[in-house]
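Coordinate inspection notes
Given next are the chains, with one letter for each unit.
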Amino acid sequence: MTESKASIIQEITPSPLVALGMLLIAAFAGLIYGPLALILGLFGIFLAIQTYLLRLRFEADALLVLRAKGTVEIKRFPYKDWQYWQIFWPPFPVLFYFREVNSIHFLPMLFNADQLTEQLTQRLGPSGKIETAALAEEASPPHSN
């Protein structure tokens, strides 16, 4: 028996390129306006720390946000609660957005956009509205009368 790709656990690690890019932009901004360079530099340092600390794990029923090299679960987002997901500006991805039944989430794009898109599409379908009722039916076992 073979497992579907959506049931295989997949972990995605952040890429340091976003943080390094932000620090490079801060350095150039320093040539123009010091306070802007400071703000961008601090944001770049924050992104670098997040890159080191965060991991995404795609499990069969939920997306997990992990800390400390994948050993501590920060948050679990069950797929059955998702209504919509989107990666903004695909040629230069900068923001990952998803909406759950009771909340919305914006995350800076620290992860490889192609890997993230592939995993989300396998587990939730293409970007856009997600049929949560269909997902809930698939996740629940058949009822016997």
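Residues numbered from 1 in each chain as written. Predicted model: local features only at pLDDT ≥ 70, side-chain atom pairs only at ≥ 80, totals over all residues. Heavy atoms only, no water.

Focus: the sheet that holds strand β4 (residues 72-78)
Backbone hydrogen bonds are what pair the strands of a sheet, in a parallel or an antiparallel way. Taken together, the four strands give an open sheet; going across it, the order is β1-β2-β3-β4, and neighbouring strands pair in antiparallel fashion. If you trace the sheet from one side to the other, it starts and ends with β1 (10-12) and β4, each paired once. Put simply, the sheet's adjacent strands are angled 20° from each other on average, direction ignored. Of the strand pairs in this sheet, strand β2 (residues 54-58) and strand β3 (residues 62-67) are connected by five bridges, and their pairing is antiparallel. Bridge pairing links L56 to V65 in β3. Contacts from helix α2 (residues 34-53) reach β2 and β3 within the one sheet, and its direction differs from that of β2 by about 45°. (Pairing = 2+ DSSP bridges. Helix = DSSP H or I, 4+ residues; strand = E, 2+ residues; numbered from the N terminus. Axes fitted to C-alpha atoms, helices over the stretch in contact; angles between N-to-C directions. Contact = heavy atoms within 4.5 Å.)

Examining helix α3 (residues 113-124)
In a regular helix each residue adds 1.5 Å, so twelve residues correspond to 16 Å; α3 covers 16 Å between its end C-alpha atoms and thus fits that length. Taken together, the buried positions of α3 are A113, L116, Q119, L120, R123 and L124. Angular distribution of buried residues about the axis of α3 spans 135°; they occupy a single face of the element. Of the residues flanking the start of α3, the one acting as N-cap is N112, its side-chain oxygen 2.8 Å from the backbone nitrogen of D114. Positive backbone phi, approximately 95°, marks G125, located one or two places after α3. (Expected span 1.5 Å × (residues − 1). Buried < 20%, exposed > 50% of the residue type's maximum accessible area, 1.4 Å probe, protein only. Arc of directions from axis to C-beta. Polar contact = N/O pair within 3.5 Å; in protein donor to acceptor, adjacent residues only side chain to side chain.)

A look at the environment of Y97
The residue Y97 is located in strand β6 (residues 95-100) in this model. Y97 sits in the buried class, given a relative accessible area of 12%. A sequence separation of eleven residues divides Y97 from P108, and the C-alpha atoms of the two residues are 8.8 Å apart. Residues within four places of Y97 in sequence aside, it is in contact with Y84, W85, Q86, F88, I104, H105 and F106.

Quick notes on the environment of T13
Assignment of secondary structure puts T13 in the loop between β1 and α1 (17-32). Through-space distance from the C-alpha of T13 to that of N112 is 8.2 Å; in sequence the pair is 99 residues apart.

Quick word on the side chain of R123
Within the secondary structure, R123 sits in helix α3. We note that R123 is buried and unpaired, the nearest opposite charge coming from D61 at a distance of 7.9 Å. (Lys, Arg positive; Asp, Glu negative; His and termini not counted. Salt bridge = Lys/Arg side-chain N within 4 Å of Asp/Glu carboxyl O.)

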